[in-house]
Amino acid sequence: MVNVVALARAGHLPPALAVTALSTVLAATGDVAPAIVVALAIAVFSGQLVVGWTNDLIDHDTDVAVHRTDKPLVVGSVTREAVVTATVLTTAVCVVASLLCGVAAGTVHLVAGVGAALAYNLGVKRTIFSWVPYLLAFGSVPVAVGLASRSGDLPPAWVVAMAALLGVGAHLLNVFPDLEDDAVTGMSGLPHRLGRTRIPPVAAALLVGATAIGVVATHRGAWQWAVLGVVTVVAAVCTRAPGRAPFYATMLIAGIDLAIIVIR
């Protein structure tokens, strides 16, 4: 009997749900047909699970070496066979749901979204270019949503820039808690080269910069400048917080940025 909870944890469920929620709201508040919104939500969620599972499958040996007891595969609460089977089946769901959003939108999601994330798992994360998959994956979300809309129009460049900057910030803060463990396994991505001292200010600058782009581009009132102030404080404080708090602060800021984009 498969431990469904452990399987979900191996798929990095919290960030998967966060990314899916943000993508779905962006589509639902845009010119996207309801059926396509549902297909997009399924595509994004299934893609996120595939990325999470492949990450844990590929990193299993290094996770064991550094005693990652937060990993279900390491502690044995779910088997490798169960994760592989779930990955294969969910990949099929992701491909079908993506293409139901339209060939162009589906291709963007599968290649620039899921494909970039898989490239990260397969080795890009060990290089100076570890930030590129996050930039592509996050930046591809508004592009896929725009192509899936009734008009099929691409989003404004500033929306893509906001998403891309958030992605790079998320990358830095996602790795931040694991720097010491990664050092043991020889990881040498951008966050590891920046180090624990430089990651918080760089990540904060990226997150605040993303919000500032939205505020300047939309010009919708003084409330936006107040929001920018709040984001600045959250970024300054939470990027130095322990554990996974910095990454979840990034998702909070992403939600604020989404509000800037969709509130008219």
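On a predicted model such as this, the values are computed, not experimentally measured, just so you know. (Residues numbered from 1 in each chain as written. Predicted model: local features only at pLDDT ≥ 70, side-chain atom pairs only at ≥ 80, totals over all residues. Heavy atoms only, no water.)

Visitor: Is there a simple way to think about unusual backbone geometry in this case?
Guide: Excluding glycine, residues mostly carry a negative phi; peptide bonds, for their part, are mostly trans. Phi at His-12 takes a positive value of approximately 55 degrees, unusual for a residue other than glycine. Its place among the elements puts His-12 in the loop between helix 1 (4–10) and helix 2 (13–28). Judged by its relative accessible area of 25%, His-12 is partly exposed. (Helix = DSSP H or I, 4+ residues; strand = E, 2+ residues; numbered from the N terminus. Buried < 20%, exposed > 50% of the residue type's maximum accessible area, 1.4 Å probe, protein only.)

Visitor: Help me understand helix 13 (residues 245–262) in this model?
Guide: What sets the pattern is the α-helix's 3.6 residues per turn: residues three or four places apart point alike. Between its first and last C-alpha, helix 13 extends 26 Å over 18 residues, near the 26 Å set by a 1.5 Å rise per residue. Among the 18 residues that make up helix 13, 13 are buried, leaving the element largely enclosed by the rest of the structure. (Expected span 1.5 Å × (residues − 1).)

Visitor: Looking at this structure, I do not really get helix 12 (residues 222–238). What am I missing?
Guide: Between its first and last C-alpha atoms helix 12 spans 24 Å; for 17 residues at 1.5 Å apiece the expected length is 24 Å, and the two agree. Here the buried face of helix 12 lies against helix 11 (190–218) and helix 13. (Contact = heavy atoms within 4.5 Å.)

Visitor: Where do I start with the packing of aromatic side chains in this structure?
Guide: We describe a pair of aromatic rings using the distance from one ring centre to the other and the angle between the two ring planes. A full pass over the atoms with the stated rule returns three aromatic pairs. When the centroid spacing of 5.8 Å and the interplanar angle of 75 degrees are considered together, the rings of Phe-247 and Tyr-248 count as edge-to-face. A relative accessible area of 38% places Tyr-248 in the partly exposed class. Among the aromatic residues, those joined into a cluster by ring pairs are Tyr-120, Tyr-134 and Phe-138. One cation-aromatic arrangement involves Arg-196 over Phe-176; the distance from NZ or CZ to the ring centre is 4.5 Å. (Phe/Tyr/Trp six-rings, centres within 6.5 Å; stacked < 30°, edge-to-face > 60°. Lys NZ or Arg CZ within 6 Å of the ring centre and 35° of its normal.)

Visitor: Mind showing me how you'd approach empty space enclosed by the protein here?
Guide: Think of a ball as big as a water molecule: rolled over the atoms, this probe shows where empty space is left. As enumerated under the stated definition, the model contains two cavities of 30 Å³ or more in all. Considering only enclosed or pocket space, the largest cavity measures out at about 40 Å³ in volume. A per-class count over the lining of the largest cavity returns five nonpolar, three polar and no charged. Here the second largest cavity is characterised by a volume of approximately 30 Å³. Broken down by secondary-structure element, the contributors of at least two residues to the lining of the second largest cavity are helix 3 (34–58), helix 7 (103–122) and helix 8 (131–148). If you tally residues by element for the lining of the second largest cavity, the top one is helix 7, at three residues. Residues of the lining of the second largest cavity, tallied by class, amount to six nonpolar, three polar and no charged. (1 Å grid on protein atoms, 1.4 Å probe; cavity = no way out; pocket = protein on both sides within 12 Å on 5 of 7 lines; lining within 4 Å. Points joined across faces, edges and corners; volume = space filled by probe spheres on them. Nonpolar A, V, L, I, M, F, W, Y, C, P; charged D, E, K, R; others polar.)

Visitor: Explain the packing of helix 8 against helix 9 (residues 157–175) to me, please; I cannot follow it from the model alone.
Guide: For any two helices packed against each other, the geometry comes down to the angle between their axes and how far apart the axes lie. Between helix 8 and helix 9, the shortest axis-to-axis distance is 7 Å and the interhelical angle comes to 140 degrees. The element helix 8 and its partner helix 9 pack so that their crossing is right-handed. Residue-level inspection shows Trp-131, Tyr-134, Leu-135, Phe-138, Gly-139, Pro-142 and Val-143 of helix 8 in contact with helix 9, the latter providing Val-159, Val-160, Ala-163, Ala-164, Leu-166, Gly-167, Val-168, Ala-170, His-171 and Asn-174. Here the contact of helix 8 with helix 9 is composed, by residue class, of 13 nonpolar, four polar and no charged. (Axes fitted to C-alpha atoms, helices over the stretch in contact; angles between N-to-C directions. Left-handed = near helix turned anticlockwise from the far one by under 90°.)

Visitor: Can you help me understand a nonpolar patch on the surface in this one?
Guide: Where nonpolar side chains cluster on the molecular surface, the patch consists of Val-38, Ile-42 and Val-93 and spans about 230 Å² of accessible area. With respect to the helices, strands and loops of the structure, Val-38 is situated in helix 3. By relative accessible area, which is 49% here, Val-38 ends up partly exposed. (Patch = residues over 30% accessible without salt bridge, like charges linked within 9 Å, V, L, I, M, F, W, Y side chains within 5 Å. Areas by Shrake-Rupley, 256 points an atom, 1.4 Å probe, with all protein chains shown as cover. Salt bridge = Lys/Arg side-chain N within 4 Å of Asp/Glu carboxyl O.)

Interpretation in functional terms is not warranted from these geometric data alone.
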